[in-house]
Amino acid sequence: MAGVPGDVRKLFIFATTRNYFGLVSESWDHALLGNGPEINNFLDDGNQMLLRVQRSDSGIAFSNVIDFADTKDKVLVFFKLRPEVITDQNLHNNILVSSMLESPINSLYQAVRQVFAPMLLKDQEWSRNFDPKLQNLLSELEAGLGIVLRRSDTNLSKLKFKEDDTRGILTPSDEFQFWIEQAHRGSKQITKERASYFKELFETIAREFYNLDGLSLLEVVDLVETTRDVVDDVWRQTEHDHYPESRMLHLLDIIGGSFGRFVQKKLGTLNLWEDPYYLVKENLKAGISVCEQWVTACSHLTGQVWQRYVPHPWKNEKYFPETLDKLGKRLEEVLAVRTIHEKLLYFSPASDEKIICLARVFEPFSGLNPVQYNPYTEPLWKAAVSQYEKIIAPAEQKIAGKLKNYISEIQDSPQQLLQAFLKYKELVKRPTISKELMLERETLLARLMDSVKDFRLDFENRCRGIPGDASGPLAGKNLSEVVNNIVWVRQLELKVDDTIKIAEALLSDLSGFRSFHRSAEDLLDQFKLYEQEQFDDWSRDIQSGLSDSKSGLCIEANSRIMELDPNDGSLKVHYSDRLVVLLREVRQLSALGFVIPAKIQQVANIAQKFCKQAIILKQVAHFYNSIDQQMIQSQRPMMLQSALAFEQIIKNSKAGSGGKSHITWDNPKELEGYIQKLQNAAERLATENRKLRKWHTTFCEKVVVLMNIDLLRQQQRWKDGLQELRTGLASVEAQCPLTWQSKWEGPEDPLQYLRGLVARALAIQSWVERAEKQTLLSDTLDLSELFHPDTFLNALRQETARAMVCSVDSLKFVASWKGRLQEAKLQIKISGLLLEGCSFDGNRLCENQHDSPSVSSVLPCFMGWIPQAAYGPYSPDECISLPVYTSAERDRVVINVSIPCGGNQDQWIQCGAALFLKNQ
């Protein structure tokens, strides 16, 4: 650099440029040291504010302007804070350096997002002095740049949407936001609908990813499983155009990156070497689970499930998130180091040496953050682990014998032996301890071989039986036979796999390991063969059923959706329960990794298309078929109109304005409208039934309360309760049958009721005394003194029949105002009758005058029962039969009495003539 030995300004620019572009050859040095006018103008001219450096095939180019035409190459920009000449003194105070990658939009967006927005919006000192309006503008700028970037094409001269361009998608939240923007800004309606569909699928996890740092490790373990289901749904959807494979690959990658950074951030808050072991273990296991689950999910989906998914197969190689996998393995190594140390402490005696060991055993890891995995930290980590192993080597020698003695005591119990090896597996893996436990490991291998034999025997005894039987596979809940059998054998596979993993980890150097491994692998092959046989049998049965119209597996898009059974009147939906089971089986078998035959998949797709509507219709049908059981017997007439309206909708399931054809499955618009009508009618009927049932219960409760009220001491409470009852009855009076209303008789004024009760009680006592003296029939009687006067008159009829030695049906009731009845064996003289609607002078009825009272007294008369053939005191042609009511409310008839009227019966019927007993 002899050309400018004393110009520190140019040295600064050249050094920065060479470091940024990675220039190492001398040829670049000569080019950089050229005394070009662009550099001189920038340094020596206060008006020249900018110097752009760009690398191309021809070399390094300097310019004082930004070239907007070409942004493919990296660009380095020096620019001034103030329009001044650059000197040695202001060199580091007046020059800012910025780089530009890919596009100016991306560079500005990342600078705002990563540097300036967090500083100006989140830092307390800066945000306090930053105008709120400017804060909003800065937030809007960041959001707007993000939208443009997510929609930009590789050709930056055109800001055009292209789904394969994911340069602006750096986090899962960016992807979710992308589909939200597309749902609002899509150029076509079909594009908006597709984006809205993806947006709704992602909403399940969008909130969690947006607030990822606020979640705990255990919550993110659950989020991994939910995320797996969501991306699976996104990939498998068939409602719209498929999700692009390149975009899904990018999404899986950035999700894995988010999970990895989250785990590193959470574990970075712990001191993994000094914090309590239980705390470190719990968090490390959660972090390992996050990494392992996402790695497994990506491998399983892209390596098996999606590759076999016929409607949208995965075409690339299996995606394997290698960085996240290696982070998980690093965390396993950290956990192993802490676990080995913990087990060593458990077996080591308490002493000063133990305390010293605690202080120095983790010294090799000082200054090294174990959760920061990358290729640069891997050599440092391995060197630290190697040094750690040298430190603990003497302690391993000491505890090997102790561990051997411990295991020897329990080796006769296979379960305890296995648990002991699992508990101390990190120690058993150590070469020194593994060699010392050779005999015990041989014993464990023999136990594992016995376990494999037991698994084989159990499988062979159960594989041909019926699920749930003693000799059949174990039964799960809500699983069909084929799925249950496959799930059962998969559980056996997991047990054998666990056995193999234990053996591989602890026993792989033993002579009998290969024989054990072959036996276990043969059993796994037998399991796989059984799985495939079960699936093949199911496929044949289903395909055979597809050709049988009575199997319930066939659904025709142009068939009627539902109809009433002519035999029992029940409502039946033309979507069989077997189809519902088939959908569940297809979904479960697909999730288990099986490729569904195209013919079955096609039927399942059709069934799935109508499944939502079919479930709703089945609910409506169940409601229709069971509503009579939900009604109270006495209330059924009250809901007759609503029930008939509901039934009318079912019977008139016609499509179109003319209503000439029935609604079918392939008419979604008509079907949705018809379902809505059915649901509304069913809801009205159900609401009405609930309302009436509620009132029924309420009335019963209120009556019980009234029955327990003391009428003498709690008159107001009685009146209030009775008023509540009347108000409730009034609310349903329009629907309430008269027979039901008649059940709620009773006095409004309890005092009046009590007076009547006492008066009748005293009168009855007088009647009893006169009956005992045998003077009752000779005295004048008042029927209003009786609780049940009709019962008394019926008793008189029976006594007359006995006296006349004839049947009661051969007698008729008569009354006489002329004197005693000649034909009656027994008769009574009655007073206290009242007449309404006209007057009676003892001879005949007469009209009321304008000043006549509406109710008048009737002269006493003789009443009795005489033979039907007897003439009686009056001619039938000159009499009218008037009812005798218990009260003026005319609510209960005691008996009908023939009274002379002069022959014009219609006149007295029109004036509402009637007799009733006086009030007590």
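Just so it is clear, the structure is predicted and the values come from calculations on it, not from any experiment. (Residues numbered from 1 in each chain as written. Predicted model: local features only at pLDDT ≥ 70, side-chain atom pairs only at ≥ 80, totals over all residues. Heavy atoms only, no water.)

### A short note on the sheet that holds strand E11 (residues 827-831)
This is how it is decided: Two strands qualify as a pair provided that DSSP identifies no fewer than 2 bridges between them. Runs of H or I in DSSP of at least four residues are treated as helices and runs of E of at least two as strands, each being numbered from the N terminus. Fitting a line to C-alpha atoms yields each axis, with helices limited to the stretch in contact; the angle taken between N-to-C directions then spans 0 to 180 degrees.
Read from one edge of the open sheet, 4 strands run E9-E11-E16-E10, paired in mixed fashion. Sheet topology places strand E9 (780-782) and strand E10 (811-816) at the edges, where each strand pairs with a single neighbour. Across the sheet, the axes of successive neighbouring strands diverge by a mean angle of 40°, strand direction being ignored. Sheet analysis places E10 next to strand E16 (residues 861-867), joined by 6 bridges and oriented antiparallel. Note on E16: the bridge partner recorded for Ala815 is Met863.

### Things to note about the sheet that holds strand E15 (residues 855-857)
Spatially, the 5 strands line up as an open sheet ordered E15-E12-E19-E17-E18, and their pairing is mixed. Pairing within the sheet leaves two strands with one partner each, and these edge strands are E15 and strand E18 (893-900). Strand-to-strand, the axes of this sheet are offset by a mean angle of 30°, without reference to chain direction. Where strand E17 (residues 879-885) and E18 come together, 7 bridges link them in antiparallel fashion.

### Here's the deal with the nonpolar core
The test is simple: Take the buried Ala, Val, Leu, Ile, Met, Phe, Trp, Tyr and Cys residues and link them wherever side-chain atoms come within 4.5 Å; each set so joined is a nonpolar core. Only protein chains enter the accessibility calculation, which uses a 1.4 Å probe; a residue is then buried when its area is under 20% of its type maximum, exposed when over 50%, and partly exposed in between. Segment limits for the domains were obtained from an automatic or database-derived domain assignment. Here, residues are in contact when the closest pair of their heavy atoms is within 4.5 Å.
Met248 and Trp294 are the most contacted members of the largest nonpolar core, which totals 109 residues. Here the element with the most residues in this core is helix H12 (residues 277-305); it accounts for 12 residues. When residues of this core are sorted by domain, at least three fall in each of domain 2 (162-362) and domain 3 (411-545). With residues near it in sequence (within four places) discarded, Met248 still touches Val231, Val234, Trp235, Tyr243, Trp306 and Trp314. Trp538, Leu546, Ala607 and Ala621 belong to the second largest nonpolar core, which has 49 residues in total.

### Looking at a positive patch on the surface
Which entries qualify depends on this criterion: In this analysis, a patch consists of residues with relative accessible area above 30% that form no salt bridge, clustered at 9 Å for like charges and at 5 Å for the nonpolar side chains Val, Leu, Ile, Met, Phe, Trp and Tyr. Accessible surface is estimated by sampling points in the Shrake-Rupley manner with a 1.4 Å probe; for residues, cover comes only from the protein chains shown. Counted as salt bridges are all cases of a side-chain nitrogen of Lys or Arg within 4 Å of a carboxyl oxygen of Asp or Glu. Charge counting treats Lys and Arg as positive and Asp and Glu as negative, with His and both chain ends excluded. Think of each charge as sitting on NZ of Lys, CZ of Arg, CG of Asp or CD of Glu.
A contiguous patch of positive charge, built from Lys281, Lys285, Lys425 and Lys429, is present on the exposed surface. Within the element layout of this structure, Lys281 appears in helix H12. Assessed through its relative accessible area of 30%, Lys281 is described here as partly exposed.

### Some details on the packing of helix H20 (residues 481-506) against helix H22 (residues 577-591)
Heads up, the rule is: Orientation categories follow fixed angle ranges, with anything under 35 degrees roughly parallel, anything over 145 roughly antiparallel, 65 to 115 roughly perpendicular, and all other angles oblique. Definitions for this section: a left-handed crossing has its near helix turned counterclockwise from the far helix by less than a right angle. A right-handed crossing has that turn clockwise. The nonpolar class holds Ala, Val, Leu, Ile, Met, Phe, Trp, Tyr, Cys and Pro. Asp, Glu, Lys and Arg form the charged class, and all remaining residues, Gly among them, are polar.
Interaxial distance between H20 and H22 falls to 10 Å at its minimum, and their mutual angle equals 20°. Put simply, H20 runs roughly parallel to H22. Crossing of H20 over H22 shows left-handed handedness. Residue-level contacts link Val482, Val483 and Ile486 of H20 to Glu585, Gln588 and Leu589 of H22. Classifying every residue of the contact of H20 with H22 gives 4 nonpolar, 1 polar and 1 charged.

### Regarding empty space enclosed by the protein
The condition that has to hold: Here a cavity denotes a set of grid points, spaced 1 Å apart and computed over the protein atoms alone, in which a 1.4 Å probe fits but from which it cannot get out, and a pocket denotes an open set meeting protein on both sides within 12 Å along at least five of seven lines; residues with an atom within 4 Å of a point are reported as lining. Grid points are joined across faces, edges and corners, and a volume is the space filled by probe spheres set on the points.
Following the criterion strictly, the structure yields 1 cavity of 30 Å³ or more and no others. Contributing to the lining of the largest cavity are Arg236, Val305, Arg308, Tyr309, Val310, Pro311, Ser590, Gly593, Phe594, Val595, Ile596 and Gln601. Of the residues assigned to the lining of the largest cavity, the class counts are 7 nonpolar, 3 polar and 2 charged. When residues of the lining of the largest cavity are assigned to domains, at least three map to each of domain 2 (162-362) and domain 4 (548-698).

### Details of the packing of helix H11 (residues 245-267) against H12
A pair of packed helices can be characterised by two numbers: the angle between their axes and the separation between those axes. The interhelical angle for the contact between H11 and H12, taken along N-to-C directions, is 175°, at an axis separation of 10 Å. Comparing their axes, H12 and H11 come out roughly antiparallel. Contacts from Leu252, Ile255, Gly256, Phe259, Val263 and Leu267 of H11 reach H12 at Asn283, Leu284, Gly287, Val290, Trp294, Cys298 and Thr302. Classifying every residue of the contact of H11 with H12 by side-chain character gives 9 nonpolar, 4 polar and no charged.

### Topic: the side chain of Ser258
With respect to the helices and strands, Ser258 occurs in helix H11. When neighbours within four sequence positions are excluded, Ser258 is seen to be in contact with Pro172, Phe209 and Leu212.

### Describing the pattern of salt bridges
As enumerated under the stated definition, the model contains 24 salt bridges in all. Here Asp779 makes a salt bridge to Arg770, at a shortest N to O gap of 3.6 Å. Judged by relative accessible area, which is 17%, Arg770 ranks as buried. When the shortest N-O distance is used, the salt bridge between Arg890 and Glu836 registers 3.0 Å. Remark: Glu836 occurs in strand E12 (residues 833-836) and Arg890 occurs in the loop between E17 and E18; sequence separation between them is 54 residues.

### Considering the packing of aromatic side chains
Here is the rule we go by: For Phe, Tyr and Trp, where Trp contributes only its six-membered ring, two rings pair if their centres lie within 6.5 Å, and the inter-plane angle classes them as stacked under 30 degrees, edge-to-face over 60, or tilted in between. Here, over-ring charges are defined by two tests on the NZ atom of lysine or the CZ atom of arginine: distance to the ring centre within 6 Å, and angle to the ring normal within 35 degrees.
Under the defined criterion, the tally for this structure stands at 32 aromatic pairs. Between the aromatic rings of Phe178 and Trp179, the centroid separation amounts to 4.9 Å while the plane-to-plane angle is 80°, which identifies the pairing as edge-to-face. When sorted by exposure, Phe178 lands in the same class as Trp179, which is buried. Pairing Trp488 with Tyr530 gives two aromatic rings, centres 6.1 Å apart and planes at 80°, and the pair type is edge-to-face. Here Tyr530 lies in helix H21 (residues 513-546) and Trp488 lies in helix H20, a separation of 42 residues in the sequence. Neither residue differs from the other here; Trp488 and Tyr530 are each classed as buried. By way of ring pairs, the aromatic residues Phe176, Phe178, Trp179, Tyr197, Phe198, Phe202, Phe209, Tyr243, Phe259 and Trp294 are connected into one cluster. The aromatic ring of Tyr20 is capped on one face by Lys74, whose charged end is 4.9 Å from the ring centroid.

### Thoughts on the side chain of Thr886
Turning to its location among the elements, Thr886 is positioned in the loop between E17 and E18. You can call Thr886 buried: its relative accessible area is 19%. Ignoring any residue separated from it by four or fewer positions in sequence, one finds Thr886 in contact with Asp891, Arg892, Val894 and Leu917.

### Here we look at the environment of Ala206
Residue placement: Ala206 occurs in helix H9 (residues 189-210). For Ala206, a relative accessible area of 21% translates into the label partly exposed.

### A word on unusual backbone geometry
Its identity as a non-glycine residue notwithstanding, Gln774 has a phi of 60°, on the positive side. Assignment of secondary structure puts Gln774 in the loop between helix H28 (750-772) and E9. A relative accessible area of 73% means that Gln774 is categorised as exposed. Positive phi is not limited to glycine here, since Arg890 has a value of about 55°.

### Focus: a nonpolar patch on the surface
On the surface, a cluster of nonpolar side chains totalling about 260 Å² of accessible area is made up of Val115, Phe116 and Met119. The class of Val115 is partly exposed, set by a relative accessible area of 41%.

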